[in-house]
Amino acid sequence: MSPTELELAAEWAAQEGWNPGLGDAEAFGAADPAGFLMAFLDGEPVASISVVAYGESQGFLGFYIVRPQLRGRGIGWALWQAGMARLGDRSIGLDGVIDQQANYAKSGFVLKHRNIRHMGPAPQPAAAAETARAMSPDDLAGLIAFDAAHFGTERAAFLESWLRTNGHVARLAVGDDGEIQGYGVVRPARTGFRIGPLFAQTPDLAADIFDALARTVPPGESIILDVPEPNAAAIALAERHGLKPIFQTARMVKGEAPSLPLDRIFGVTSFELG
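The notes below deal with the structure included here. Computed from a prediction, not measured in an experiment: that's the story for all the values here. Along each chain, residue indices are assigned from 1 in the same order as the chain's sequence is written. Owing to the predicted nature of the model, reporting of local features is limited to residues with pLDDT of at least 70; listing and counting of side-chain atom pairs is limited to 80 or more, with chain, interface and lining totals taken over all residues. Side-chain metrics in this entry use all non-hydrogen atoms of the structure; hydrogen atoms and water are not considered.

### Structural notes on the pattern of salt bridges
Right, so step 1: Note on definitions: salt bridges are taken to be side-chain nitrogens of Lys or Arg within 4 Å of carboxyl oxygens of Asp or Glu. Taken as a whole and judged by the stated rule, the model has 11 salt bridges.
Right, so step 2: Taking the shortest distance from any N to any O, the salt bridge between Arg251 and Asp95 comes out at 2.9 Å. On the criterion of sequence distance, the pair formed by Arg251 in strand 11 (residues 244-254) and Asp95 in strand 4 (residues 91-97) is long-range, its members being 156 residues apart.
Right, so step 3: The exposure class of Arg251 is buried, given its relative accessible area of 10%.
Right, so step 4: Notably, a salt bridge pairs Arg114 with Glu229, separated by 2.2 Å at the nearest N-O pair. Within this pair, whereas Arg114 is found in strand 5 (residues 110-121), its partner Glu229 is found in the loop between strand 10 (222-228) and helix 8 (232-240), the two being separated by 115 residues in sequence.
Right, so step 5: Several salt bridges share partner residues, and in doing so they unite Arg117, Arg194 and Asp226 into one network. Secondary structure elements follow DSSP: runs of H or I of four or more residues count as helices, runs of E of two or more count as strands, with numbering from the N terminus. We call a residue buried when its accessible area falls under 20% of the maximum for its residue type, exposed when it is over 50%, and partly exposed in between, using a 1.4 Å probe and counting protein chains only.

Have a look at this one:
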């Protein structure tokens, strides 16, 4: 895809009700410029898929959309095969629609857990959280390393774009020794504001970062948080702030899955890139 076509795929995702962030396309493209494929019929774009490679060992699949009026004609399957061929022997993750699990299983994907989208009015904490602060350029190297330990692989190019995208706000927690202990990003979406990622070493730190991010959201707006179901503390965090489950995906992996510290993942970055 060209940048314009990636914007079009994001619009298709919005029409599917996936509520992408307003600046997602630019940051997504930075993750792997060649990792977004589009199918054409008579010169018109009709289907999309993202097959982002993270180094030589991992990849993530998303944005798998065929225009509704053209489904059932084999276009999506042809694009799927092209995407899978691009990722080759890498371990591949995806966040799939729950009722499509059987189809993904036919291609070798195995269910690992569910991710549950929670949404509700943005809470307005009364006091600033002492453990969460804005990030500075000096934090970037440490943040990239901290993120890699929770995402499963380094994604420096994506993070650099994600953190500078217009409207994105980051907050992090740092220990007395200067080491990063948690961070999160909130961004404007088609509807409301989405928090992702939200990684923290403890539930208390995650709560402080959540509060600091929520404080930047305009009153009357909603907050969306995509939570790994195995993290009970993350579910409790969402519920404590009045966020309700509205949607869920199946996190599935083909090949050897990265070992992720799910107890420290309180918010998934995105369903398209992992």
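So much for the structure itself; the text now carries on.
### A few points about the nonpolar core
Right, so step 1: In this text, buried Ala, Val, Leu, Ile, Met, Phe, Trp, Tyr and Cys residues form a nonpolar core when linked through side-chain atoms within 4.5 Å. Core analysis: the biggest nonpolar cluster contains 34 residues, and Phe28, Phe36, Phe63, Phe158, Tyr183 and Leu273 have the highest contact counts within it.
Right, so step 2: For this analysis, residues touch if any pair of their heavy atoms sits within 4.5 Å. Not counting the four nearest positions on each side in its chain, Leu273 is found in contact with Phe28, Ala31, Phe36, Val52, Tyr54, Phe60, Phe151 and Phe158.
Right, so step 3: Judged by nonpolar contacts, the second largest core, of 27 residues, contains Phe193, Ala200, Ala206 and Ala212.

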